[in-house]
Amino acid sequence: MKKLITALLLTSSMAANANNAEFTQKQLQQVNEVRTSALNSDLSYKLLESLTTEVGPRLPGTENDKKAVAWAKAKFNELGFDKVWLEEATFPEWRRYSESGKILTPSEQPLHLTALGNSISTPKDGITAPVVLFETLDELIAAPANSLKGKIAYINYRMNRDIDGNGYGPAVKARGTGAIEASKKGAVAYMMRSVSTGHHRFAHTGGSYYKEGVTKIPNVTIANPDADQIARLIALDKDVSVNINVQTESLGEGTGYNVIGQFNGTENPEQYVLIGGHLDSWDLGTGALDDGAGVALTMAAAKHISDVKRPKRSIRVVLFAAEELGLWGAKAYFAEHKNELSNIVAAAESDFGADVVYAFESNVSAESLPVVRAIAKELSPLNIEHIGKNQANGGPDLIPLKAATSAPIFELAQDGTDYFDYHHTADDTLDKVTPAKLRQNTAAYAVFALMAADAKTTIKPKAQNK
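None of the values given here were measured: they were computed from a predicted structure.

Focus: the packing of helix α3 (residues 43-55) against helix α4 (residues 63-78)
Interaxial distance between α3 and α4 falls to 10 Å at its minimum, and their mutual angle equals 150°. The angle between α3 and α4 falls in the class roughly antiparallel. You can see that α3 and α4 cross each other, and the crossing is right-handed. Residues L47, S50, L51 and V55 of α3 lie in contact with α4, whose contacting residues are N64, K67, A68, W71 and K75. Here the residues of the contact of α3 with α4 sort into five nonpolar, two polar and two charged.

Structure representation (C-alpha cells):
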C-alpha cells in the first residue's frame, strides 16, 4: 500500500511539475500581479460606461456605429496600444423606424412588439389579420399548403432558462426562418414569442432572413407577457385578430470597420492571442451586455497585461463589426487574414453578457494541454472551474475562423442564467452590469491571454496534433 501511495504522489508531483514547466516562478508572479490589478481596477467598467453613455446603441451603418468606431480607435490609442488600425467590412444595411401593435379581437389591447432585423415594412396602416398559433417551427412547417392564406402565423415557442443558455439555439431557428415558412403557407405576416427568458414587457429583436423565390412578409416578435395573453385567448377558443405596424427599410450594402488594437510581443510578435467582442449592437437598448461588456473587458484585460509586462507573443484585441446582422465583421477579418491564421496561438471572444466566468474550456492539440492546465490553475482563484473535455466552441465571431481552419479555440464560460432576460431588448442597459462581476471577467481574460501569449510551448490546434 505504501508503494502505491508513493507512486501516486510521485505521479501527481510529475504532473504538477509538467504544468509548471511551461512558466517560470517569475512569470507566475507576473500572472498574479495582473490578476490582482484587474480585480482592483474599474477600467473595464469605465470603458463600458463611456461607450454606452457617450455613444449608446450601435446598429451597423448608423451614425452611432461610426461614432463607436471613432470611440474605439481613440480609446485604444489612449490605452497605449502599440498598433491601432481599422479593417473594412461590408454588410446589408437595415433600419427600424417605427413599430406598434394591438390585439383587436376579442377585445382591444396593446401589443408590445418589435421588428426582427431585416424585416420588410407593413403597409402604412399596418396589417390586420387573424392569428394562427403553432407551438414550434416544425408544426408550422407541417401545416397544409395555403392553410394560412390571409392570416398571421404565430409561433409560441418558450425558451428555457439555463446557466449556459442552451435554449437559445432551438428558439433562434424560428426567429431566423419562421417568416420564410409562414410565407410558404400563404401567411401575410409572421409573429413569434420573443427569444427571451424575461418576464418584462419588452420584445426581443434579432436577425432574420428571407429566401429567394419566397414572398417576403413582415416579421416581428412580441413580448413574453403579450405572448401569454394571446395563448390564453386562443386556449379559450377565442378568435384572435391583431394589427401589426412596422416601418423599416433595407438600404443596400453598408460599410463598417473592425477596430483592432495590439500590444506587440517581445520574441514572436507575428504570433498573437486574439481576444475581443463585437462593437455593434441592436438599436433598442444601449448594448451594455451585448456586447459592450465584451468590448470593454477585453480592451482592459490587454491593458492590465501591458502594465505588468510584454509577453513573448502579441495580444490582439479585435472589435468586430456588424455581428448582429450576420457576423459580417468576423467574416471580413478572417478572410483578410486567411494566409496567416496559423499565427493565432489562442482565440477567445466575450459575447455573453457580464455575469461571472464560471468555467474554462479549450479546444487544442493534446501536446498543448499542459499549457491549458497551467492556465486553469491560475484561473481557479477566480472560482473558475476547468471543464477539461477539450471541446470548446468559442464565441460567434470565431465561427468563420473555425470554418476556415482548425484553430486553438478557448471559452471562458459566463453565467447566462439571466442573460436572456435582457438580450436584444430595450432593457440591455448599463444598470444591468455589476462592476465586481465585470472585474472578475476582466481578470479571467487577462490571466488567460497573458499565459497563452507567454507560454514556453506555442499552443497548437487539434489538427496539428500528431
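A word on the confidence of the model for the protein
It should be kept in mind that the predicted coordinates are not to be read in detail where pLDDT is low. Taken as a whole, the protein shows an average pLDDT of 94; of its residues, 95% reach a score of 70 or greater. In the predicted structure, residues 1-19 sits below a pLDDT of 50 and forms four contacts with residues beyond four places in sequence or in another chain.

Considering the UniProt feature "domain: Peptidase M28" (unreviewed entry) in the protein
UniProt records the feature "domain: Peptidase M28" (unreviewed entry) at residues 258-446, using the numbering of this structure. Between the end C-alpha atoms of residues 258-446 there is a gap of 21 Å, over a span that is 33% helix and 24% strand.

A word on α4
In an α-helix, one turn spans 3.6 residues; hence positions three or four apart end up facing the same way. Between its first and last C-alpha, α4 extends 22 Å over 16 residues, near the 22 Å set by a 1.5 Å rise per residue. Along α4, the residues classified as buried are D65, A68, V69, W71, A72, K75 and F76. Along the axis of α4, the buried residues cluster in a sector spanning 165°; they form a single face. Seen from the open side of α4, the exposed residues pointing more than 90 degrees away from its buried face are E63 and E78. For α4, the secondary structure elements touched by its buried residues are α3, β1 (83-105), β8 (241-263), α8 (288-308) and β10 (313-320). With its phi angle positive at about 85°, G80 sits one or two positions after the end of α4.

Thresholds applied
Residues numbered from 1 in each chain as written. Predicted model: local features only at pLDDT ≥ 70, side-chain atom pairs only at ≥ 80, totals over all residues. Heavy atoms only, no water. Axes fitted to C-alpha atoms, helices over the stretch in contact; angles between N-to-C directions. Helix = DSSP H or I, 4+ residues; strand = E, 2+ residues; numbered from the N terminus. Parallel < 35°, antiparallel > 145°, perpendicular 65-115°, else oblique. Left-handed = near helix turned anticlockwise from the far one by under 90°. Contact = heavy atoms within 4.5 Å. Nonpolar A, V, L, I, M, F, W, Y, C, P; charged D, E, K, R; others polar. pLDDT = per-residue confidence, 0-100. UniProt positions renumbered as here; feature names shortened; annotations may be inferred. Expected span 1.5 Å × (residues − 1). Buried < 20%, exposed > 50% of the residue type's maximum accessible area, 1.4 Å probe, protein only. Arc of directions from axis to C-beta.

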